[in-house]
Amino acid sequence: MNNTIPEQKKVAPFILFYVVASIQIGVGVLSFQRDVAKTAGYDGWISIIIIGIATMIVIWFIFQMAKTVNGDLLDVVSFSLGKWASRIIGLFYILYFSLFAITILRNYVEAIQVWMFPKFSTFWFSFAILLIVLYVVYGGFRTVAGISFFSILLPLYILPLFLFTVPHADFTKMLPVFDHSVKDLLIGSYHMSLSILGFETIFFVYPFLKEPKKAEKWAYFSVLLTVSLYLYLAVLAFSYFSEAQLEKNSWPTLTMWKMIRLPFVERFEYIGIASWCIVILPNICISLWVASRLAKQIFPVSQKKVLLILSGIVLIITSLIMKRSQVLLVSNLLGMIGFFANYCFIPILFLITIIAKKVRGK
């Protein structure tokens, strides 16, 4: 329950903005344009808006349920479906967030291997990143929130540099608008869901907020920031690449970085990829913090010991994923599971919680 967390371990409401935004903005930013354009074409920006609105609705569901029990997801499920159901759901989310960490880490390593160092060791880089993750998460949630804060502020210098593509862009490519069916737009939103996953951590961060009711608006602001970022990069990519080029380009955002020419650096994509390390770090920190905290709640074990075990599992599985096809398989699996967990399960749980509340009231 919310009141079991010591006051000194809680954070201010506005910190939720950085926590949610930092886990939503990850490696998906580097390649999402291609996934959306596969079905929605240049109308993909509409798909981004649709998934953004759907995400805000789901966040409203999350806050309503969390307020009902004044606790996290396990409290909600225990209240609605019983204690054993909460354990099963908890186990599912432990696996889900572990897969989240694996997917983020392996995709980032692949970007380094493709664009910078082809013989780069997946194992040793993952080992180094996970050591940093262990150090951060061992410091508690306040430390994790601090990393999230810096991951949003420090890379901001990169965003204006994408405007180097504007002189070579043709914005008329995006006309006519609504050139695709509603079905295509919805499928595009589905493909976009992988890049916007992570907001469900609100369910687990809620007890660590000093004034949860005041934090709700910051969650909406974080989604607004994320959607605005994706729209910005999508419009630039759609106006710069043809549809045929987007289909063949696995990393549209990185390709746009190649257009940047500065007097003191020739290959800006090297700086961009290196800077993105601070962006993906909170992705892994938050996901493993949630997974280890859930294990602590379900089983009588120390969170630090569980975190060490989960980090070892993430390291082993990440190192075993060698081929591009395997990376895509893991990414698609996370996207599918995340979509149904967030946009199907949470609304259903919300309805069950309302019914349980009325029944208990009577």
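These figures come from a predicted structure and were not determined experimentally.

(A) Layout of the packing of helix α5 (residues 83-115) against helix α14 (residues 277-298). Two elements in contact, α5 and α14, have axes whose closest approach is 9 Å; the angle formed by their N-to-C orientations is 160 degrees. When the axis of α5 is compared with that of α14, the two are roughly antiparallel. Both α5 and α14 take part in a crossing whose hand is left-handed. The segment α5 lies against α14, with R87, G90, L91, Y93, I94, F97, S98, F100, A101, I104, L105 and Y108 engaging C277, I280, N283, I284, S287, L288, V290, A291, L294, A295 and I298. When the residues that make up the contact of α5 with α14 are grouped by side-chain class, the tally is 18 nonpolar, four polar and one charged.

(B) Structural detail: the packing of aromatic side chains. Using the criterion set out here, one finds 38 aromatic pairs in the structure. A centroid spacing of 5.2 Å and a plane angle of 45 degrees characterise the contact between F141 and F208, whose relative ring orientation is tilted. With F141 in helix α7 (residues 141-153) and F208 in the loop between α9 (202-205) and α10 (212-240), this pair connects stretches of sequence that are 67 residues apart. By way of ring pairs, the aromatic residues F14, F17, Y18, F149, F150, W218 and F221 are connected into one cluster. The side chain of R87 reaches across the aromatic face of W84, ending 5.7 Å from its centre.

(C) Fine view of the nonpolar core. Core analysis: the largest hydrophobic core is formed by 132 residues, its most contacted members being L16, Y93, F204, W257, W276, I284 and L288. Top contributing element to this core by residue count: α5, with 17 residues.

(D) Geometry of helix α15 (residues 303-320). The first and last C-alpha atoms of α15 sit 26 Å apart over 18 residues, in line with the 26 Å expected at 1.5 Å per residue. Of all the residues in α15, the buried ones are Q303, V306, L307, L310, S311, V314, L315, T318 and S319. Contact partners of the buried residues in α15: α5, α6 (122-138) and α14. Measuring from the backbone nitrogen of K304 back to the side-chain oxygen at the start of α15 gives 3.3 Å, which picks out S302 as the cap.

(E) Region of interest: the pattern of salt bridges. With the rule as written, the count across this model stands at four salt bridges. Between R324 and E110 there is a salt bridge; the shortest N-O distance is 2.6 Å. Of this pair, R324 sits in helix α16 (residues 324-361) while E110 sits in helix α5, placing them 214 residues apart in sequence. E211 is the partner of K214 in a salt bridge, and the nearest nitrogen-oxygen pair spans 3.1 Å.

(F) Up close: the environment of F97. With respect to the secondary-structure elements, F97 resides in helix α5. Taking C-alpha positions, F97 is 9.5 Å from T201, a pair spaced 104 residues apart along the chain. Ignoring anything within four residues of it in the chain, the contact list for F97 reads E200, T201, F204, S287, V290 and A291.

(G) Region of interest: the packing of α5 against helix α13 (residues 268-275). Running from amino to carboxyl end, α5 crosses α13 at an angle of 160 degrees, the nearest separation of the two axes being 11 Å. Of the possible angle classes, the one that applies to α5 and α13 is roughly antiparallel. For the pair α5 and α13, the sense of crossing is left-handed. Contacts between α5 and α13 involve Y108, A111, I112 and W115 on the former and, on the latter, E269, Y270, I273 and A274. Counted by class, the contact of α5 with α13 contains seven nonpolar, no polar and one charged residues.

Calculation criteria
Residues numbered from 1 in each chain as written. Predicted model: local features only at pLDDT ≥ 70, side-chain atom pairs only at ≥ 80, totals over all residues. Heavy atoms only, no water. Axes fitted to C-alpha atoms, helices over the stretch in contact; angles between N-to-C directions. Helix = DSSP H or I, 4+ residues; strand = E, 2+ residues; numbered from the N terminus. Parallel < 35°, antiparallel > 145°, perpendicular 65-115°, else oblique. Left-handed = near helix turned anticlockwise from the far one by under 90°. Contact = heavy atoms within 4.5 Å. Nonpolar A, V, L, I, M, F, W, Y, C, P; charged D, E, K, R; others polar. Phe/Tyr/Trp six-rings, centres within 6.5 Å; stacked < 30°, edge-to-face > 60°. Lys NZ or Arg CZ within 6 Å of the ring centre and 35° of its normal. Core = buried A, V, L, I, M, F, W, Y, C linked by side-chain atoms within 4.5 Å. Buried < 20%, exposed > 50% of the residue type's maximum accessible area, 1.4 Å probe, protein only. Expected span 1.5 Å × (residues − 1). Polar contact = N/O pair within 3.5 Å; in protein donor to acceptor, adjacent residues only side chain to side chain. Salt bridge = Lys/Arg side-chain N within 4 Å of Asp/Glu carboxyl O.

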